[in-house]
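Residues per chain are reported as follows:
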Amino acid sequence: MAEKYWQKEIETASREEIKAIQDERLVKTVKHVFQNVEPYRKRMEEAGLTPDDIRGVEDLHKLPFTVKQDLRDYYPYGLFAVPTKDVVRLHASSGTTGKQIVVGYTRNDLDVWDDIAARQLCAVGADENDFVHVSYGYGLFTGGFGLHGGATKLGATAIPVSSGNTDRQVTILQDFGSTVLCCTPSYAMYIGETLKKKGVDPKSLSLKAGIFGAEPWTEEMRQQIQELLDIKAYDVYGLTEIMGPCVSYECSQQAGMHVNEDHFIIETINPDTGEVIPNGEVGELVFTCITKECCPFIRYRTRDIGVVNTEPCACGRTFVRMSKPMGRSDDMMIIRGVNVFPSQIETVLLKMGYSPNYKIYVDRVNNTDTLDVHVEMNEDMFSDTVSDIKKNEEKLEAELRSLLGISANVKLVAPNSIERSMGKAVRVEDKRKLLGGKK
Amino acid sequence: MSIRQISVFVENKKGSLVEITDTLAKENIDLRAMSIADTQDFGILRLIVSDTDKALSVLRSKNCIVTETAVVGVRLRNEPGALATVVKVLSEGDINVEYMYAFNGSTPHHAYLVLRVNDNDKVSELLLKEGIKCITQQQVSEI
Ligand SMILES: [Zn+2]
């Protein structure tokens with residue numbers, strides 16, 4: 001099947017053309033925020049910069065970062081670069097901790113969003129004949145409206161099912177002939193399992209592709225979803241602060257997500273020093289919006305750890321690709337000089353037979369970092385003798401040491417004693433931060 | 001010959017123990033014997049109860065981590081030297097004792113001992129040769 005594009009000219013433009021577009025749009029955007037967003041102007045002045053100092057992408061690194069806290073500090077409209085009369089839509093994200101953030105869109109911003117969502121839909125093979133079943137939530141969350149706008153612009157038939165009521169989802173998949181499913185990967189799994197339970201053969205559906213994002217998922221999950229629903233499953237990336245879904249999009253190759261570089265400039269930085277690191281190396285992903293009117297955030301730190309791939313793609317698109325985020329830089333701890341992710345600890349716990357309910361405590365005692373891992377006891381690892389339990393505990397400590405490269409003290413705690421929270425659990429307590437020892 | 005012991009994981013935290021004993025009391029489960037093995041981080045509460053199955057299901061429903069172990073229950077006459085005989089038999093029989101604890105019955109004539117060894121039948125036989133009787137699970141509820 002021939003590759004489909006929504007805006008072929010730009011999606012397959014030469015790197016020189018893309019660079020020229022980025023240069024021009026970045027310069028324009030920097031002027032725009034300098035003139036219209038007080039906090040940006042102040043920060044640039046503090047850094048000794050004027051808009052004239054930014055002549056192209058190569059000057060981008062000179063500009064200060066934008067972080068999520070900025071959106072909270074200037075909540076609700078303090079970072080908007082246009083008067084509210086020009087704002088036609090608001091979206092918000094509560095995040096898992098802290099105050100919600102809000103972003104605004106002008107009519108042009110929505111137009112761009114529709115375009116990039118349409119690019120995503122084309123990249124998975126959709127056109128005006130398709131039925132796009134949107135099971136992302138509609139509301140302040142960007143998922144539903146994002147894909148909906150793309151489907152409408154493409155001329156496909158949007159089905160705004162929104163999330164929940166899985167029986168109804170199945171009926172609609174059957175009766176309306178949905179061909180492209182858009183939802184979170186975990187919900188796609190759930191729909192797939194529901195089909196199985198109901199004895200609905202996925203081959204009897206018209207579904208051919210799925211666009212899944214808004215939460216981390218693995219290649220194994222992709223395989224499972226593809227089998228359960230008999231479709232091709234594609235990854236999509238986005239965040240409310242930058243636009244919503246489709247900041248970057250996967251193509252037919254299912255090998256990384258093309259960044260819409262005519263609207264966003266991607267950089268990779270060292271999360272600790274803020275230094276830009278070369279493409280191809282793992283670091284925190286940073287985006288600069290270069291076409292947005294209302295919230296053109298400059299060098300927004302996503303906290304997502306990933307890698308940018310500049311290799312040409314077989315689909316013909318020339319936009320660079322980013323990997324699926326492999327973790328959050330917030331989660332990355334540097335303990336005794338070693339990078340540690342909670343996910344590594346989780347892997348060891350599961351492998352050794354412990355429950356994935358754990359909490360990590362990092363502290364500094366006598367100038368040495370300490371790592372304590374509280375793990376909930378389960379029946380498999382329990383015994384009536386202290387020596388058996390201790391033996392298992394020592395094995396766990398040895399395994400952690402070998403994987404992390406540093407030693408950890410394990411403390412076994414009662415089941416359900418580690419707090420659960422909706423969404424992401426608070427896995428780490430870094431007491432060093434309270435002492436002001438480390439940023 | 002062996003009897004059923006329940007072990008419960010207890011975190012070294014105020015109130016964890018009371019919670020467990022309260023739970024059992026509310027269900028009218030009698031504690032025949034109780035002992036605690038303590039480490040710096042956690043403890044293992046070991047119990048001999050009147051209704052083991054019920055206790056297991058009640059504790060599990062309260063999200064307790066439990067395990068069941070077959071242990072030897074020894075009946076001793078309440079008189080000087082009784083315990084010494086048991087210790088002597090175990091040591092001469094080259095029996096490795098993981099842990100032991102004692103408890104009283106409802107009459108003053110007997111005391112009881114719980115032994116955690118790896119060969120319950122062998123230990124029961126060795127003790128019987130010295131005239132020391134081990135109890136059955138049936139007898140536990142009659143103590
Ligand atoms: Zn591609």
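Residues numbered from 1 in each chain as written. Chains lettered and ligands numbered in written order. Predicted model: local features only at pLDDT ≥ 70, side-chain atom pairs only at ≥ 80, totals over all residues. Heavy atoms only, no water.

Novice: Give a detailed account of the overall build of chain B, specifying residues and quantitative values.
Specialist: Helix and strand content of chain B: 5 helices and 7 strands. Ordered by position from the N terminus, the helices and strands of chain B form the series β-α-β-β-α-β-α-β-β-α-β-α. Residues counted as buried form 48% of the 143 residues belonging to chain B. The contacts in chain B between residues at least 6 apart in sequence include a share of 69% that link residues at least 24 apart. (Helix = DSSP H or I, 4+ residues; strand = E, 2+ residues; numbered from the N terminus. Buried < 20%, exposed > 50% of the residue type's maximum accessible area, 1.4 Å probe, protein only. Contact = heavy atoms within 4.5 Å.)

Novice: Give a description of the state of the cysteines that names residues and reports values.
Specialist: Residues and elements named next belong to chain A. Following the criterion strictly, the structure yields 0 disulfides over all chains and no others. Between Cys 289, a cysteine without a disulfide, and Cys 295, which holds the nearest cysteine sulfur, the sulfur-to-sulfur distance is 8.3 Å. With a relative accessible area of 0%, Cys 289 lands in the buried category. (Disulfide = S-S within 2.5 Å.)

Novice: I'd like a rundown of the packing of helix H8 (residues 185–198) of chain A against helix H9 (residues 219–229) of chain A, residues and numbers included.
Specialist: All names here are of chain A. Running from amino to carboxyl end, H8 crosses H9 at an angle of 35°, the nearest separation of the two axes being 9 Å. Here the hand of the crossing between H8 and H9 comes out left-handed. Where H8 abuts H9, its residues Pro 185, Ser 186, Ala 188, Met 189, Ile 191, Gly 192, Glu 193, Leu 195 and Lys 196 lie against Met 221, Gln 224, Ile 225, Leu 228 and Leu 229. By residue class, the composition of the contact of H8 with H9 is 9 nonpolar, 3 polar and 2 charged. (Axes fitted to C-alpha atoms, helices over the stretch in contact; angles between N-to-C directions. Left-handed = near helix turned anticlockwise from the far one by under 90°. Nonpolar A, V, L, I, M, F, W, Y, C, P; charged D, E, K, R; others polar.)

Novice: How would you explain the environment of Glu 281 of chain A if you had to name every residue and give the values?
Specialist: Residue and element names in this part refer to chain A. Relative to the assigned elements, Glu 281 resides in the loop between strand S11 (276–277) and strand S12 (283–289). You can call Glu 281 partly exposed: its relative accessible area is 40%. Through-space distance from the C-alpha of Glu 281 to that of Val 307 is 5.7 Å; in sequence the pair is 26 residues apart. For Glu 281, the contacting residues outside a window of four places in its chain are Thr 268, Gly 306 and Val 307.

Novice: Could you give me a rundown of the interface of chain A and chain B, with the residues and numbers involved?
Specialist: Contact residues are listed per partner, giving 20 residues for chain A and 22 residues for chain B. Between chain A and chain B, the buried area comes to about 1700 Å², and carbon and sulfur atoms account for 61% of it. Considering only the side of chain A, the residues that lose the most area to chain B are Glu 379, Phe 382 and Asp 384 of chain A, jointly responsible for 40% of the buried surface there. Where chain A meets chain B, there are 3 salt bridges. Lys 411 of chain A is the salt-bridge partner of Glu 11 of chain B, the closest N and O atoms lying 4.0 Å from each other. Of all the secondary structure elements, the ones that give two or more residues to the side of chain A that touches chain B are helix H11 (386–404) and strand S21 (409–413) of chain A. Here the side of chain A that touches chain B gets 5 residues from one element, more than from any other, and that element is H11 of chain A. Classifying every residue of the side of chain A that touches chain B by side-chain character gives 9 nonpolar, 6 polar and 5 charged. (Buried area = accessible area lost by both parts, 1.4 Å probe. Salt bridge = Lys/Arg side-chain N within 4 Å of Asp/Glu carboxyl O.)

Novice: Explain H8 of chain A to me, using residue names and the numbers behind them.
Specialist: Three- or four-residue spacings in an α-helix give side chains the same orientation, since the helix completes a turn every 3.6 residues. Residue and element names in this part refer to chain A. The end-to-end C-alpha distance of H8, which contains 14 residues, comes to 20 Å, matching closely the 20 Å that a straight helix rising 1.5 Å per residue would cover. Every buried residue of H8 is accounted for by Pro 185, Tyr 187, Ala 188, Met 189, Ile 191, Gly 192, Thr 194 and Leu 195. Its buried side turned inward, H8 meets helix H7 (166–175), strand S5 (180–183), strand S6 (209–212) and H9. (Expected span 1.5 Å × (residues − 1).)

Novice: An account of the coordination of the zinc ion is needed here, citing residue identities and associated values.
Specialist: Residue and element names in this part refer to chain A. Here the zinc ion is held by Cys 251 (SG), His 258 (NE2), Cys 313 (SG) and Cys 315 (SG), and the distances to it run 2.1 to 2.2 Å. For the zinc ion, the 4 donor atoms in the first shell make angles of 103 to 112° at the metal, so the coordination geometry reads as tetrahedral. Considered as a linear motif, the donors of the zinc ion on their single chain read C-x6-H-x54-C-x1-C. Of this pair, His 258 sits in strand S9 (residues 257–259) while Cys 313 sits in the loop between strand S14 (308–309) and strand S15 (321–322), placing them 55 residues apart in sequence. (Donors = N, O, S within 2.8 Å, 3.2 Å for Na, K, Ca; no water. Tetrahedral: all angles 85-135°; square planar, octahedral: opposite > 155°, others 65-115°.)

Novice: So what's going on with the sheet that holds S5 of chain A? Which residues, and what values?
Specialist: Residue and element names in this part refer to chain A. An order of S4-S3-S5-S6-S7-S8-S9-S15-S14 is seen for the 9 strands of this open sheet, with the pairing classed as mixed. At either margin of the open sheet sits one strand with a lone partner, and together these are strand S4 (157–159) and S14. Bridge count for strand S7 (residues 232–239) against strand S8 (residues 244–250) is 4 bridges, and the pairing is antiparallel. The residue of S8 that forms the bridge with Leu 239 is Gly 244. Contacting S5 and S6, H8 runs over the sheet at an angle of about 125° to S5. (Pairing = 2+ DSSP bridges.)

Novice: Hey, could you go over unusual backbone geometry for me, with residue numbers and the actual values?
Specialist: Residues Tyr 75 of chain A and Pro 76 of chain A are joined by a peptide bond in cis, for which omega reads -5°. Topologically, Pro 76 of chain A is positioned in the loop between helix H4 (68–73) and strand S1 (87–93). Non-glycine residue Arg 336 of chain A carries a positive phi angle of around 45°. When you line up the elements, Arg 336 of chain A lands in the loop between strand S17 (333–335) and strand S18 (338–340). Overall, the relative accessible area of 35% leaves Arg 336 of chain A in the partly exposed class. The phi angle at Asn 28 of chain B is positive, at roughly 60°, despite the residue not being glycine. Within the fold, Asn 28 of chain B resides in the loop between helix H1 (16–26) and strand S2 (31–38).

Novice: Give a detailed account of the pairing of S7 of chain A, specifying residues and quantitative values.
Specialist: All names here are of chain A. For S7, the buried fraction is high: 6 of the 8 residues fall into the buried class. The pairing of S6 with S7 spans 4 bridges and is classified as parallel. When the bridges of S7 are listed, Ala 209 appears paired with Lys 232. Each parallel crossover has a hand, and for S6 linked through H9 to S7 it is right-handed. (Right-handed = clockwise from strand over helix to strand, strands pointing away.)

Novice: Quick one: what's the story with the pattern of salt bridges, residue by residue and with numbers?
Specialist: Residue and element names in this part refer to chain A. Throughout the structure, instances matching the rule amount to 35 salt bridges over all chains. Between Glu 3 and Arg 317 there is a salt bridge, and its shortest N-O distance comes to 2.9 Å. A residue pair is termed long-range when its members are at least 10 positions apart, and Glu 3 in the segment before helix H1 (8–11) and Arg 317 in the loop between S14 and S15 qualify at 314 residues. Put simply, Asp 59 and Lys 62 hold a salt bridge, and the shortest N to O gap is 3.1 Å. Overall, Asp 59 belongs to the buried group, its relative accessible area being 8%. Residues participating in the shared-partner salt-bridge network are Arg 364, Asp 369, Asp 430 and Arg 432.

Novice: Give a description of the packing of aromatic side chains that names residues and reports values.
Specialist: The description of two aromatic rings rests on the distance between their centres and on the angle between their planes. For the structure shown, the criterion picks out 12 aromatic pairs over all chains. For the pair Tyr 77 of chain A and Phe 80 of chain A, a centre-to-centre distance of 5.1 Å together with 40° between the ring planes defines the contact as tilted. Of the residues examined, Tyr 77 of chain A reaches a relative accessible area of 41% and is grouped as partly exposed. Ring pairs connect the aromatic residues Phe 382 of chain A together with Phe 9 and Phe 42 of chain B, which therefore count as one cluster. Sitting over the ring of Tyr 99 of chain B, Arg 46 of chain B keeps its end group 3.3 Å from the ring centre. (Phe/Tyr/Trp six-rings, centres within 6.5 Å; stacked < 30°, edge-to-face > 60°. Lys NZ or Arg CZ within 6 Å of the ring centre and 35° of its normal.)

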